[in-house]
Amino acid sequence: TSTGWKSIKDVSKNDKVACLKNDNLVYENPTDLHHYPDYKGKMYHIKTQQIDLLVTPNHRMYTSKVYGRNKIWLDHNFELAEDIIGKHRKYKKNACNINIDFQFEIPKIVYNNGVICEAKKPEMNSWLKFFGLWIAEGWTSTSFDKRYPNSKSYNIVICQCKLRVRKVLEEVIKKLGYNYTQSDDKFMINNKQLYTYMSLHSVGAPNKSLPEWTWKLSQNQCRILLEHMIMGDGSYNKSGSVRYYTSSIKLADDVIS
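The text that follows walks through the structure, step by step, so that each part is easy to find.

About the cut-offs
Residues numbered from 1 in each chain as written. Predicted model: local features only at pLDDT ≥ 70, side-chain atom pairs only at ≥ 80, totals over all residues. Heavy atoms only, no water. Disulfide = S-S within 2.5 Å. Phe/Tyr/Trp six-rings, centres within 6.5 Å; stacked < 30°, edge-to-face > 60°. Helix = DSSP H or I, 4+ residues; strand = E, 2+ residues; numbered from the N terminus. Lys NZ or Arg CZ within 6 Å of the ring centre and 35° of its normal. Salt bridge = Lys/Arg side-chain N within 4 Å of Asp/Glu carboxyl O. 1 Å grid on protein atoms, 1.4 Å probe; cavity = no way out; pocket = protein on both sides within 12 Å on 5 of 7 lines; lining within 4 Å. Points joined across faces, edges and corners; volume = space filled by probe spheres on them. Nonpolar A, V, L, I, M, F, W, Y, C, P; charged D, E, K, R; others polar. Pairing = 2+ DSSP bridges. Expected span 1.5 Å × (residues − 1). Buried < 20%, exposed > 50% of the residue type's maximum accessible area, 1.4 Å probe, protein only. Arc of directions from axis to C-beta.

1. Describing the state of the cysteines
Line of reasoning, step 1. Inspection of the entire model under this criterion finds zero disulfides.
Line of reasoning, step 2. The closest cysteine sulfur to the non-disulfide-bonded Cys96 is located on Cys222, 12 Å from its own sulfur.

2. Let's talk about the packing of aromatic side chains
Line of reasoning, step 1. The final tally for this structure, using the stated rule, is twelve aromatic pairs.
Line of reasoning, step 2. A ring pair is formed by Phe131 and Trp213, whose centres lie 5.3 Å apart and whose planes are at 65°; its orientation type is edge-to-face. Remark: Trp213 occurs in the loop between α3 (192-198) and α4 (219-233) and Phe131 occurs in helix α1 (residues 124-137); sequence separation between them is 82 residues.
Line of reasoning, step 3. Here the aromatic residues Phe104, Trp127, Phe130, Phe131, Trp134, Tyr197 and Trp213 are joined through ring pairs into a cluster of three or more.
Line of reasoning, step 4. The lysine or arginine in question, Arg60, covers the ring of Phe78, its NZ or CZ lying 4.1 Å from the ring centre.

3. Some points on the pattern of salt bridges
Line of reasoning, step 1. Taken as a whole and assessed by the stated rule, the structure comprises nine salt bridges.
Line of reasoning, step 2. Ionic pairing is found between Lys175 and Glu171, a salt bridge with its closest N-O pair at 3.2 Å. Taken together, the residues span about one helical turn, with Lys175 and Glu171 both in helix α2 (residues 163-175) at a distance of four residues.

4. With respect to the layout of surface pockets
Line of reasoning, step 1. In this model, the second largest pocket occupies a volume close to 160 Å³.
Line of reasoning, step 2. Considering the residues around the second largest pocket, the lining is formed by 16 residues, among which Ile135, Ala136, Gly204, Ala205 and Lys208 are closest to the centre.
Line of reasoning, step 3. Sorting the residues of the lining of the second largest pocket by element identifies α1 and β13 (138-145) as the ones contributing at least two each.
Line of reasoning, step 4. Element by element, the count of residues in the lining of the second largest pocket is highest for α1, at three residues.
Line of reasoning, step 5. Its residues placed into classes, the lining of the second largest pocket shows eight nonpolar, five polar and three charged.

5. Quick notes on the sheet that holds strand β5 (residues 60-64)
Line of reasoning, step 1. Strand order in this open sheet of three strands is β8-β5-β9, and the pairing throughout is antiparallel. The open sheet has two free edges, formed respectively by β8 (77-80) and β9 (90-91), since each of these has just one partner strand.
Line of reasoning, step 2. Both β5 and β9 contribute to a ladder of two bridges, which runs antiparallel. Its bridge partner being in β9, Thr63 is matched across the sheet by Tyr91.

6. A closer look at α2
Line of reasoning, step 1. With 13 residues, α2 ought to run about 18 Å at 1.5 Å a step, and its terminal C-alpha atoms sit 19 Å apart, in line with that.
Line of reasoning, step 2. Within the sequence span of α2, burial applies to Val165, Val168, Leu169, Val172 and Ile173. Along α2, the residues classed as buried sweep out an arc of 125° about the axis, all on the same side. Projecting away from the buried face of α2 at angles above 90 degrees are the exposed residues Leu163, Lys167, Lys174 and Lys175.
Line of reasoning, step 3. In the stretch just after α2, Gly177 is the one whose phi turns positive, near 85°.

7. A short note on unusual backbone geometry
Line of reasoning, step 1. Residue Asp23 is not a glycine yet carries a positive backbone phi of 70°.
Line of reasoning, step 2. Tracing the backbone shows Asp23 in the loop between β1 (17-21) and β2 (24-28).
Line of reasoning, step 3. Residues other than glycine seldom take positive phi values, yet Lys71 does so here, at roughly 55°.
Line of reasoning, step 4. For Lys71, the location among the structural elements is in the loop between β6 (66-67) and β7 (72-73).

This is how it looks when you write it as structure tokens:
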């Protein structure tokens, strides 16, 4: 769904569900819901590195099959699970994201003295790079300066020891218009407006997830965000494959969706 993975029993007609239309990924409300909690019978389970499906025999699978001696893969089409057991098939695992570029706004805040800090529209490429690195290795905190008891700091912190990543951080933080301090491998921004938003997602590594606005990003914006999440907490292998590491099941599900 547009808010992440849900069990079928929890999906409602108000949810926006991922659909494939002309090879494009779109999110639409379901026209009907089917849930069979009391089903008893055979199930078909197929599991590879990229898919894991457990379905009833009459479930329609969107697959491609090989044709002829030259082994040409035909266009994907629907086949019943019971008709392809043990057969060589290729599953559809990709789609084009046709969203237009999205502009995120850091919400406005009102200070205790009544002063309003209006919503801020950050430069999006810099924001996506910053947020990707922060979601990988960041958190928020507050602190007091002992010299000034009434002075409270609202800190956004990113811990990063890789030199190339630190250079990216320095660049994007400046482009976003924030000042920062650096201590050893930690970058720290003191800004209440940014802290107020980022603290919503500072929930501990096992509980991290991507915010709802990330599902509104264009394909290019998604790539920028994902690349910088991987830069902060992943690796590229010589074979060209990519690994992303997280202790959060929800964040892992968000990344693969």
